[in-house]
Amino acid sequence: MRLVPAELVESRQILPGQWIQSFHAPALASGSRAGQFVHVRTGDYSGLLLRRPLSINTADPATGVITIHFRTVGRGTDWLTRLRPGETLDMLGPLGRPFEVDPRSRHLLLVAGGLGIAGVRMLIDEAIRDGRQVVVLFGAASARDVYPSSLLPDEVEYAVATDDGSLGHAGLVTELVADYEAWADQAFACGPKPMLAALATLAAGRRERLGVAKLGRKRGGGRRDPVGSPAARRKSFLQVALEQNMGCAVGACLGCVVMGVTGQPQRVCREGPVFAAEEIAWEAGW
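The following refers to the structure shown. This is a predicted model, so every value here is computed, not measured. (Residues numbered from 1 in each chain as written. Predicted model: local features only at pLDDT ≥ 70, side-chain atom pairs only at ≥ 80, totals over all residues. Heavy atoms only, no water.)

For the structure shown, the criterion picks out three aromatic pairs. Their ring planes at 40° and their centres at 6.4 Å tell us that Phe 138 and Tyr 147 sit as a pair that is tilted. A single burial state applies to Phe 138 and to Tyr 147, both of which are buried. When the ring of Phe 138 is compared with that of Tyr 158, the centres are 6.4 Å apart and the planes differ by 50°; the resulting orientation is tilted. One end of the pair, Phe 138, is in strand S9 (residues 133-140); the other, Tyr 158, is in strand S10 (residues 157-162), and 20 residues separate them in sequence. A relative accessible area of 23% means that Tyr 158 is categorised as partly exposed. (Phe/Tyr/Trp six-rings, centres within 6.5 Å; stacked < 30°, edge-to-face > 60°. Buried < 20%, exposed > 50% of the residue type's maximum accessible area, 1.4 Å probe, protein only. Helix = DSSP H or I, 4+ residues; strand = E, 2+ residues; numbered from the N terminus.)

This part takes up the pattern of salt bridges. As enumerated under the stated definition, the model contains 13 salt bridges in all. Note that Arg 33 is salt-bridged to Glu 100, the shortest N-O span being 3.5 Å. One end of the pair, Arg 33, is in the loop between helix H1 (26-29) and strand S3 (37-40); the other, Glu 100, is in the loop between strand S7 (88-95) and strand S8 (107-113), and 67 residues separate them in sequence. Of the charged contacts, one joins Arg 209 and Glu 181 as a salt bridge, the two residues approaching to 2.8 Å between their closest N and O atoms. Of the two residues, Arg 209 sits in helix H5 (residues 206-210) while Glu 181 sits in the loop between strand S11 (169-170) and strand S12 (186-190), which places them 28 residues apart along the sequence. Glu 181 gets classed as buried once you look at its relative accessible area, which sits at 8%. A single salt-bridge network, built from bridges that share partners, covers Arg 33, Glu 100 and Arg 234. (Salt bridge = Lys/Arg side-chain N within 4 Å of Asp/Glu carboxyl O.)

A separate point is the sheet that holds strand S1 (residues 2-15). Read from one edge to the other, the open sheet built from seven strands follows the order S4-S3-S7-S1-S2-S6-S5, with strand pairing classed as antiparallel. The open sheet is flanked by strand S4 (52-55) and strand S5 (58-60), the only strands paired with a single partner. Strand-to-strand, the axes of this sheet are offset by a mean angle of 35°, without reference to chain direction. The sheet contact formed by S3 and S4 spans four bridges and is antiparallel. (Pairing = 2+ DSSP bridges. Axes fitted to C-alpha atoms, helices over the stretch in contact; angles between N-to-C directions.)

With that out of the way, let us pick up the sheet that holds strand S13 (residues 238-241). The strand order S11-S10-S9-S8-S12-S13-S16 describes an open sheet built from seven strands, whose pairing is mixed. Taken across any chain shown, the strands that pair with only one partner, and hence form the sheet edges, are S11 and strand S16 (274-276). In this sheet, S9 lies alongside S8 in parallel orientation, the contact comprising seven bridges. Considered in S9, the bridge of Leu 110 is made with Val 136.

As a further point, take empty space enclosed by the protein. Over the atoms, a rolled probe matching the size of one water molecule traces out where space is still vacant. Under the defined criterion, the tally for this structure stands at two cavities of 30 Å³ or more. Considered as a void within the structure, the largest cavity measures approximately 90 Å³ in volume. Every residue along the wall of the largest cavity is listed here: Leu 109, Val 111, Val 177, Glu 181, Ala 187, Leu 199, Leu 202, Ala 203, Arg 206, Arg 209, Phe 237 and Leu 238. The set of elements that each furnish at least two residues to the lining of the largest cavity consists of S8, helix H4 (193-204) and H5. Among the elements that take part in the lining of the largest cavity, H4 stands out by supplying three residues, more than any other. Counted as a void, the second largest cavity has a volume near 30 Å³. Every residue lining the second largest cavity is listed: Leu 15, Gln 18, His 69, Gly 114, Leu 115, Ile 117, Phe 138, Asp 145 and Tyr 147. Partitioned by chemical class, the residues of the lining of the second largest cavity number five nonpolar, three polar and one charged. (1 Å grid on protein atoms, 1.4 Å probe; cavity = no way out; pocket = protein on both sides within 12 Å on 5 of 7 lines; lining within 4 Å. Points joined across faces, edges and corners; volume = space filled by probe spheres on them. Nonpolar A, V, L, I, M, F, W, Y, C, P; charged D, E, K, R; others polar.)

As structure tokens, this is what we get:
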């Protein structure tokens, strides 16, 4: 984790109210992993005291450039859109724990709802770099909100669902999972809580639904990896990146907690934002 100056290289609106900005920040570009985020300081105006947590959309160590993808929802994000190339702001990062891909996984299924694409976008680049196959399922309200396929690598298979049926599958993006769950070695998701909860339910019933037999335990194989450890998450079929409002983003204020299945609150900024789906108590009402 570092506090670094980041110089704006490019700013462009890709969808109504949604922007991708590129920043030259070599210290972040070389040390970030998919699923992590930065805490961005906006202008020193009244009411803008807190930083904004934003997913690291992409990172290129060769050029030292990272990108962030955000929607304008208030004064802070509106201020970001008014930055001009050459201007700088400071970023704290990389923060949080990243996605954990099992080295044996060859087929990755990524599910994104709306702006949740920013939470998994960097994983696409990492997976392709490592020779894995990737399918991206994207859900939006309508065609006007669909993430442009031109912003994805050519190697990716991309399927879209819209609530109103104006593009792709008419319905929820979770309804597309059945076409790919047998193919996928692991799945990764980011988006609204109802979508993630539905995916967690699907993942929990996957073995029974696909008729996967439980093999006998190997000698010495009774030891379980601790819940929340990288090893345990690596063995999980579904990992989710949670989106929560944050205050400090370093684990001190407890403003971003969700409830874990162990009964212990989990800080999204520290224990997350990435969790194995089975770590989260989805019905706890956080």
